[in-house]
Structure formats: structure tokens, C-alpha cells
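Chain residues, written in single-letter form:
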Number of protein chains: 2
Amino acid sequence: MSNLPASGKGLLFVMSGPSGTGKGTICGELIKSGNIFLSVSSTTREKRKGEIDGVTYNYTTVDEFEKMIAGGEMLEYAKYGDNYYGTPKKTVTEMLAAGKNVLLEIEPQGAALVKSKMPEAVLLFILPPSARELKKRLCERGRESDEEIAKRLQAAGWELSQAPLYNKMFVNDDLGECVERVGEYISEKTRERAFLDNLIEELQDI
Amino acid sequence: MSNLPASGKGLLFVMSGPSGTGKGTICGELIKSGNIFLSVSSTTREKRKGEIDGVTYNYTTVDEFEKMIAGGEMLEYAKYGDNYYGTPKKTVTEMLAAGKNVLLEIEPQGAALVKSKMPEAVLLFILPPSARELKKRLCERGRESDEEIAKRLQAAGWELSQAPLYNKMFVNDDLGECVERVGEYISEKTRERAFLDNLIEELQDI
């Protein structure tokens with residue numbers, strides 16, 4: 001297995017879940033707590049009004065992005081239409097080295113890629129309270145056509161089938177409670193890791 | 001990612017931890033609870049007095065064992081001295097298919113191999129309360145020489161470095177409490193999986 005970061009380093013958390021489970025909102029709330037930091041993704045798409053370079057995304061060119069892919073510098077990436085979206089490994093490892101817990105919000109294929117490259121990553125999966133409620137939430141957003149909603153529900157089936165590969169699942173029944181439970185889990189993992197690091201250090205001195 | 005077993009199947013748990021953490025005793029207590037079943041390992045070593053074929057081990061020949069390795073039929077295996085020890089995949093998948101939770105007690109390299117072949121496996125790591133306590137327990141067993149204890153402590157360092165790759169760590173400070181916590185975790189994972197299976201089924205009918 002791989003070598004793991006030494007004592008005092010942050011932990012990498014990866015969050016997935018079907019569209020409509022509220023994972024974006026959960027991530028936002030967790031970031032607000034200040035115990036975890038979002039890794040800013042890189043993209044080749046054009047900056048939209050209101051977006052901030054280095055905050056919303058790191059904007060880059062297709063050439064540069066493809067060079068990073070070829071150089072094995074992307075922890076994960078995906079192409080939607082003509083645009084690339086992804087996470088440079090360097091961004092994440094620098095944050096971890098600075099002792100920060102890092103949060104990535106990505107779909108299961110990207111999560112599997114991250115896990116294969118950084119096996120110590122902790123994978124979190126957000127579940128809807130029921131299939132009926134998931135459909136209701138997708139409909140209520142009012143953003144998508146019936147056809148798009150059907151597509152999203154179909155995608156949800158595949159995504160849910162990947163949940164057993166995650167470290168932990170959380171049901172988002174009540175947003176506040178769910179955020180609290182995820183936050184507690186992040187704290188638990190942080191304590192667990194600190195205990196382990198301490199044990200390994202103690203063992204070297206024995 | 002891989003296809004996962006359908007609804008109603010058992011879960012595979014893999015337990016590791018340095019020598020002296022009491023994982024053998026913990027496994028024994030968990031099995032007694034009746035909520036989880038130990039997969040009987042296969043071995044090529046001779047049956048010792050008091051051992052029972054099919055209970056202690058499944059005894060087999062080197063020829064047969066090597067045929068199973070070559071056929072990709074072993075979930076994990078290791079060779080100690082002249083003898084092979086390992087887990088046939090078939091034994092485990094049959095128990096899971098029968099709805100049983102299965103427990104394997106293996107070292108981290110074997111655990112990583114199992115995880116790569118059955119990524120839905122849940123990995124549990126048992127930690128000693130302190131390095132000092134680990135050394136004390138190894139000495140108190142009185143089985144090993146000072147040299148062997150030093151070797152075990154060195155091996156413990158490497159094993160502990162693999163703990164972040166596990167789903168969850170448990171500190172064995174008090175045996176009864178530790179068994180209870182592991183048991184609760186197994187129940188939690190079982191409920192989590194039942195909820196997910198139900199959700200996936202519900203989604204198909206929507």
C-alpha cells in the first residue's frame with residue numbers, strides 16, 4: 001500500500017450523492033463551520049458574471065488543462081461538453097500539508113479515481129430520505145424538464161449503487177441535522193487520525 | 001466501479017491490527033454474538049491435535065492450493081514458511097449470498113487485496129490504547145523472545161501506517177467495550193446497507 005502523510009496533516013474528504021440530495025448545500029454549511037476547506041476546481045470554461053477567479057474556479061485554458069492531464073497532475077477531472085473541470089493534485093496536497101481538512105464534491109467515478117490515487121481519502125455519500133422525496137426535490141427546483149428529471153433519477157440509481165464503496169452514508173432528511181452529523185463524523189475522523197499519529201510516534205520512541 | 005451484490009445480501013468485514021491488540025479475542029466475541037460469521041481459512045499445513053477440519057481450517061494440499069491461486073480463486077493468501085494460508089473467494093461469496101455477515105481476520109496486505117477484489121468490503125482496524133501498553137501485552141503473553149517482540153513492534157509500526165486506509169479504527173482499551181463498539185458499528189453498517197437497498201428498489205418503481 002501507499003505511504004501516508006506524516007503526523008499533523010489534514011484529511012481529505014470526498015462527498016458524492018445524487019442530484020437533489022442537497023450535497024451542495026451541505027458542503028456550503030460545512031465550509032462555513034471553518035473546520036474544513038473546499039478545494040477550488042480548475043475549469044476551462046469561460047468565467048461568468050459574478051464568478052471570482054481562484055474562488056469559484058481557477059480558470060485555465062484547454063491547452064494547459066490537457067498538459068496537466070498528460071503530466072498526471074489531475075487528481076480527477078471530467079469533460080462536460082467542450083469544457084474540462086477537475087482538481088489538480090497539487091492544490092489538495094498543499095492544503096493537506098498545511099494541516100487543513102479538505103472537502104471535494106464530486107461524482108462517484110471521480111471519487112473512485114481520487115481514492116485510487118489517495119487511498120487515505122474518506123468518502124462520504126449523501127442519501128435522500130426516499131426515492132419519492134428525491135423526485136419531489138428535483139421537481140420543486142423547477143430547473144429541469146420532465147425528461148431531464150427522468151434522466152437524473154436514472155443516474156441516481158447508478159450513483160446509489162456505488163454508495164457501499166464509501167466510508168459512510170448520511171441520509172439528508174433534515175438539513176441542519178445532516179450537516180451536524182457530517183460535521184461530527186469529520187471531527188471523529190480527525191480525532192481518530194490524531195490518536196493514530198500519536199501512537200505511531202510513541203512506537204518509534206519505545 | 002464494480003457491480004455490487006443485490007438487496008438482502010450480507011456484508012463482508014475485514015479486521016486487522018498489530019499482534020497484541022487482541023483482535024483474535026474480539027473476533028471470537030463477535031462470532032459468539034451470532035450476528036456475524038467467521039470465514040474458515042484454507043491451509044496446506046498439517047492438522048494439529050484438537051483442530052477440526054472445516055472449523056479450525058479447511059485442510060488442503062499444496063497442489064490444490066496452488067491450483068486455486070492460479071485459477072484466481074483465492075480472495076487473499078499468504079505463505080508462511082512452507083505453508084499456504086488463504087481465503088477462497090467462493091466460501092465468502094456463498095456466505096454473503098445466504099445473507100450472512102462475514103468476518104475475516106487478516107493482515108493489512110491481505111486486507112488491501114480483498115478490498116481491491118471486493119471494494120464493498122468494510123475494513124476495521126484495532127488499535128492498542130498506547131505503544132507502551134502494546135509492548136506490555138506482547139511481553140505478558142510470554143510466548144516470544146525479546147528479539148521476537150522487537151520484531152513485532154517494528155511490524156506494528158508498518159501495520160499502523162495502513163490504518164488510515166480502513167473504514168474505521170477501534171481502540172481496544174477495555175475488551176468488553178471494544179467488542180460492543182465494533183458490534184454496534186457492524187449493526188450500523190447493516191442498517192445503512194438495508195436502507196440503501198430499499199432506496200434503490202424504491203427508485204426502480206418510481
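Description of the structure in this document. Computed from a predicted structure; not experimentally measured. (Residues numbered from 1 in each chain as written. Chains lettered and ligands numbered in written order. Predicted model: local features only at pLDDT ≥ 70, side-chain atom pairs only at ≥ 80, totals over all residues. Heavy atoms only, no water.)

### Notes on the interface of chain B and chain A
- Each side of the interface is counted separately: chain B has 41 residues, and chain A has 41 residues.
- Our count for the chain B to chain A interface comes out at 4 salt bridges.
- Notably, a salt bridge pairs Lys168 of chain A with Glu192 of chain B, separated by 4.0 Å at the nearest N-O pair.
- Where chain B meets chain A, there are 8 residue pairs in polar contact (both at pLDDT 80 or more).
- Counting only elements with at least two residues in the side of chain B that touches chain A, the list comes to α4 (108–117), α5 (131–141), α6 (146–161), β9 (168–171) and α7 (175–205) of chain B.
- A per-element tally of the side of chain B that touches chain A places α7 of chain B first, with 11 residues.
- Looking at the side of chain B that touches chain A residue by residue, the classes come out as 26 nonpolar, 6 polar and 9 charged. (Contact = heavy atoms within 4.5 Å. Salt bridge = Lys/Arg side-chain N within 4 Å of Asp/Glu carboxyl O. Polar contact = N/O pair within 3.5 Å; in protein donor to acceptor, adjacent residues only side chain to side chain. Helix = DSSP H or I, 4+ residues; strand = E, 2+ residues; numbered from the N terminus. Nonpolar A, V, L, I, M, F, W, Y, C, P; charged D, E, K, R; others polar.)

### Describing the pairing of strand β7 (residues 102–105) of chain A
All names here are of chain A.
- The pairing of strand β1 (residues 12–16) with β7 spans 4 bridges and is classified as parallel. The residue of β7 that forms the bridge with Leu12 is Val102.
- With 2 bridges joining them, strand β2 (residues 37–38) and β7 adopt parallel strand pairing. The residue bridging Phe37 from the neighbouring strand is Val102, located in β7. (Pairing = 2+ DSSP bridges.)

### Considering the pairing of β1 of chain A
All names here are of chain A.
- Counting buried residues in β1 gives 5 out of 5 residues, a clear majority hidden from the surface.
- The two faces of β1 match: Leu12, Val14 and Ser16 on one face and Phe13 and Met15 on the other face are all buried.
- For β1 and strand β8 (residues 122–127), the ladder comprises 4 bridges, and the chain directions are parallel. Considered in β8, the bridge of Phe13 is made with Val122. (Buried < 20%, exposed > 50% of the residue type's maximum accessible area, 1.4 Å probe, protein only.)

### Notes on the side chain of Thr44 of chain A
Residue and element names in this part refer to chain A.
- Tracing the sequence through the fold places Thr44 in the loop between β3 (42–43) and β4 (58–59).
- At a separation of 2.8 Å, a polar atom in the side chain of Thr44 contacts the main-chain amide nitrogen of Tyr84.
- In contact with Thr44, other than residues within four places in its own chain, are Thr60, Thr61, Val62, Phe65, Asp82, Asn83 and Tyr84.

### Overview of the environment of Leu30 of chain A
Residue and element names in this part refer to chain A.
- By the element assignment, Leu30 lies in helix α1 (residues 23–33).
- Sequence spacing of Leu30 and Val179 is 149 residues, and the spatial spacing of their C-alpha atoms is 6.8 Å.
- When neighbours within four sequence positions are excluded, Leu30 is seen to be in contact with Met15, Asn35, Ile36, Leu103, Val179, Val182, Gly183 and Ile186.

### Describing the packing of α5 of chain B against α6 of chain B
Residue and element names in this part refer to chain B.
- Their axes nearest at 10 Å, the elements α5 and α6 cross at an angle of 145 degrees. Two packed elements cross with a definite hand, and for α5 against α6 that hand is right-handed. Within the contact between the two elements, α5 uses Leu134, Lys135, Leu138, Cys139 and Arg141 and α6 uses Ile149, Arg152, Leu153 and Ala156.
- Across the contact of α5 with α6, the residue classes tally to 6 nonpolar, no polar and 3 charged. (Axes fitted to C-alpha atoms, helices over the stretch in contact; angles between N-to-C directions. Left-handed = near helix turned anticlockwise from the far one by under 90°.)

### Describing the packing of aromatic side chains
- Tallying each qualifying case throughout the model produces 16 aromatic pairs over all chains.
- Plain terms: the ring middles of Phe65 of chain B and Tyr84 of chain B are 4.9 Å apart, the flat faces sit at 10 degrees to each other, and that makes the pair stacked. Of this pair, Phe65 of chain B sits in helix α2 (residues 62–70) while Tyr84 of chain B sits in strand β6 (residues 83–88), and the two are 19 residues apart along the sequence. We note that Phe65 of chain B, like Tyr84 of chain B, is buried.
- An aromatic cluster of three or more residues is present, and its members are Tyr57, Tyr59, Tyr80 and Tyr85 of chain A.
- Over the ring of Phe37 of chain B we find Lys100 of chain B, and its NZ or CZ is 4.8 Å from the ring centre.
- The positively charged end of Lys168 of chain B is found above the aromatic ring belonging to Phe170 of chain B, 5.5 Å away from the centroid. (Phe/Tyr/Trp six-rings, centres within 6.5 Å; stacked < 30°, edge-to-face > 60°. Lys NZ or Arg CZ within 6 Å of the ring centre and 35° of its normal.)

### Observations concerning the sheet that holds β9 of chain B
- On the basis of which strands lie adjacent, the open sheet formed by 5 strands has the order β2-β7-β1-β8-β9 (chain B) and parallel pairing. Among the strands making up the open sheet, the edge pair consists of β2 (37–38) and β9 of chain B.

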